[in-house]
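Chain by chain, the residues run as shown.
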Amino acid sequence: MNIHLIAVGQRMPDWVGQGYDAFAKRLPHECRLVLHEIPAPKRGKNPDIDRLRRDEGERIMATIPKGARIVALEVEGKQWSTEQLSKHIGDWMGEGRDVALLVGGPDGLDPPLSKRADNHWSLSPLTLPHPLVRVVIAEQVYRAWSLLKGHPYHR
């Protein structure tokens, strides 16, 4: 199973790639984490937010692998403990299909894209910067996988 982290934004600071890679590279082939960066559209002085979200949503949809379970990361989503995420990962691995974790741009996900999601996950009620979200997701996926496999990292 591949977990596809599909996130709006490119050209992140070096620490983001280093933090993300530190955890993504630890995951085994059976639960690989793959990053897909979606270019953020240009925002002018008075941007049309609905159009920008729609454009981002179309690019995200085009990146989601066919048949993948869709998990929208949104502030309004359900917060999962590490144990709950570990159970989800175990269930997803049992399904035998890929998972797409969607991180929208600064204005969130396009509503029709959010409605297509199988799950809605909130990392926190806090608004987190997009670069940090990538690192947190990579670490939490690795931690949940390690818990699932009885690896000592989770302790």
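Residues numbered from 1 in each chain as written. Predicted model: local features only at pLDDT ≥ 70, side-chain atom pairs only at ≥ 80, totals over all residues. Heavy atoms only, no water.

Visitor: Would you mind going over the pairing of strand S1 (residues 2–8) with me for this structure?
Guide: Where a strand is regular, its side chains alternate between the two sheet faces. Of all 7 residues in S1, 7 are buried, a share of seventy percent or more. Judged by which residues are buried, S1 turns out to be covered on both faces: Asn2, His4, Ile6 and Val8 on one side and Ile3, Leu5 and Ala7 on the other are all buried. In the sheet, S1 pairs with strand S2 (residues 32–38) via 7 bridges, with the strands oriented parallel. Among the inter-strand pairings, Ile6 is bridged to a residue of S2, identified as His36. Assessed by its sense of winding, the connection that carries the chain from S1 through helix H1 (residues 14–24) to S2 is right-handed. The pairing of S1 with strand S4 (residues 99–103) spans 5 bridges and is classified as parallel. Paired with His4 across the strands is Ala100, a residue of S4. (Buried < 20%, exposed > 50% of the residue type's maximum accessible area, 1.4 Å probe, protein only. Helix = DSSP H or I, 4+ residues; strand = E, 2+ residues; numbered from the N terminus. Pairing = 2+ DSSP bridges. Right-handed = clockwise from strand over helix to strand, strands pointing away.)

Visitor: Just to check I follow, could you spell out the packing of aromatic side chains for this structure?
Guide: Geometrically, a pair of aromatic rings is defined through the distance of the ring centres and the angle of the planes. If you walk through the whole model with that rule in mind, you get 4 aromatic pairs. Aromatic pair Phe23 and Tyr142: ring centres 6.4 Å apart, planes at 40°, arrangement tilted. One end of the pair, Phe23, is in helix H1; the other, Tyr142, is in helix H5 (residues 130–148), and 119 residues separate them in sequence. Through a chain of ring-to-ring contacts, three or more aromatic side chains come together here, namely Phe23, Tyr142 and Trp145. If you follow Arg26 out to its NZ or CZ, it ends over the ring of Tyr142, 5.4 Å from the centre. (Phe/Tyr/Trp six-rings, centres within 6.5 Å; stacked < 30°, edge-to-face > 60°. Lys NZ or Arg CZ within 6 Å of the ring centre and 35° of its normal.)

Visitor: Looking at this model, I keep getting lost on the packing of H1 against H5. Mind explaining?
Guide: A pair of packed helices is captured by two measures, namely the crossing angle of their axes and the spacing between those axes. As a packed pair, H1 and H5 sit with axes 8 Å apart at the nearest point and diverge in direction by 10°. Classified by the interaxial angle, the pair formed by H1 and H5 is roughly parallel. The residues of H5 that touch H1, namely those facing Trp15, Val16, Gly19, Tyr20, Phe23 and Ala24, are Pro131, Leu132, Arg134, Val135, Ala138, Glu139 and Tyr142. Looking at the contact of H1 with H5, its residues break down into 10 nonpolar, 1 polar and 2 charged. (Axes fitted to C-alpha atoms, helices over the stretch in contact; angles between N-to-C directions. Parallel < 35°, antiparallel > 145°, perpendicular 65-115°, else oblique. Contact = heavy atoms within 4.5 Å. Nonpolar A, V, L, I, M, F, W, Y, C, P; charged D, E, K, R; others polar.)

Visitor: Explain the sheet that holds S1 here, please?
Guide: The pairing of strands in a sheet comes from backbone hydrogen bonds and takes either a parallel or an antiparallel form. Spatially, 5 strands are ordered S2-S1-S4-S3-S5 in an open sheet, and the strand pairing comes out parallel. Edge positions in the open sheet fall to S2 and strand S5 (119–122), since each of these has one partner strand only. Geometrically, the sheet is characterised by an average inter-axis angle of 30° between neighbouring strands, direction not taken into account. The sheet strands contacting H5 are S1, S2, strand S3 (69–79) and S4, and the helix crosses S1 at an angle near 170°.

Such coordinate-based values are descriptive only and should not be taken to indicate function.
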